[in-house]
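Spelled out, the chains give:
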Amino acid sequence: MRQPLSSFNFHFRLLRKMSQEHSPSPTPERAVYGFVLYQISLLAFGLYLVWAYVPESVLHAFGLTYWPQKYWAVALPVYLCVGIILSYVAYIGIIFLMTPKLSDVRTITDSHAIYENEPCHPDAIPPLQDVDISTVNRIMYLKKNKL
């Protein structure tokens, strides 16, 4: 008698979990989080502009004495931009290092290739499969009169 009840509980928990799946649709909570993040980013940008453009004497007159040097107002964005550019260069370099040479067999085939030629109905669309390199060479480079 316990079996159907536990099966029901399992299905109920599964259904509840499925209803709690994340979706990209907007919800009120996401709207509030987005608004708060937007306001915080505007405040941070405003503080950055004040720090970067207002002279030290004016900041000291308001009692704001502990600020980083003005050098960092220029250096941080420059470092950020250089870091992004270098990450692109590093990414491209890693791709070049991972690419096999043209003489490598991995440029022709891999472990996921499907070469099976299963017969299908004459009117049906054949299933998706890879074409063997010898077939490609025969079709592309062999003269028609030699076939």
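Report follows, based on the coordinates.

Notes on the overall build of the protein chain
Looking only at helices and strands, the protein chain has five helices and zero strands in total. Reading the protein chain from its N terminus to its C terminus gives the helix and strand order α-α-α-α-α. Burial analysis of the protein chain (147 residues in total) assigns 3% to the buried set. When contacts within the protein chain are restricted to residue pairs at least 6 apart in sequence, long-range pairs at least 24 apart make up 8% of them. Carbon and sulfur atoms form 69% of the exposed surface of the protein chain, whose accessible area is close to 14100 Å².

Describing the pattern of salt bridges
Going through the model one piece at a time under the given rule, you end up with one salt bridge. A salt bridge links R106 to D104; the shortest N-O distance between them is 2.7 Å. For D104, a relative accessible area of 22% puts it in the partly exposed group.

Points about a nonpolar patch on the surface
Taken together, Y71, W72, V74, L76, V78, Y79, V82, I85, L86 and V89 make up a surface patch of nonpolar side chains, about 980 Å² in accessible area. Owing to a relative accessible area of 48%, L76 belongs among the partly exposed residues under this scheme.

Digging into the environment of D132
Note that D132 resides in the loop between α4 (71–98) and α5 (133–141). Classification of D132 by relative accessible area gives partly exposed; the value is 36%. C-alpha of D132 to C-alpha of I108: the two residues are 24 residues apart in sequence and 8.9 Å apart in space. Here S134 takes part through its side chain, which lies 2.9 Å from a polar atom of the side chain of D132.

So, how was this worked out
- Residues numbered from 1 in each chain as written.
- Predicted model: local features only at pLDDT ≥ 70, side-chain atom pairs only at ≥ 80, totals over all residues.
- Heavy atoms only, no water.
- Helix = DSSP H or I, 4+ residues; strand = E, 2+ residues; numbered from the N terminus.
- Buried < 20%, exposed > 50% of the residue type's maximum accessible area, 1.4 Å probe, protein only.
- Contact = heavy atoms within 4.5 Å.
- Areas by Shrake-Rupley, 256 points an atom, 1.4 Å probe, with all protein chains shown as cover.
- Salt bridge = Lys/Arg side-chain N within 4 Å of Asp/Glu carboxyl O.
- Patch = residues over 30% accessible without salt bridge, like charges linked within 9 Å, V, L, I, M, F, W, Y side chains within 5 Å.
- Polar contact = N/O pair within 3.5 Å; in protein donor to acceptor, adjacent residues only side chain to side chain.

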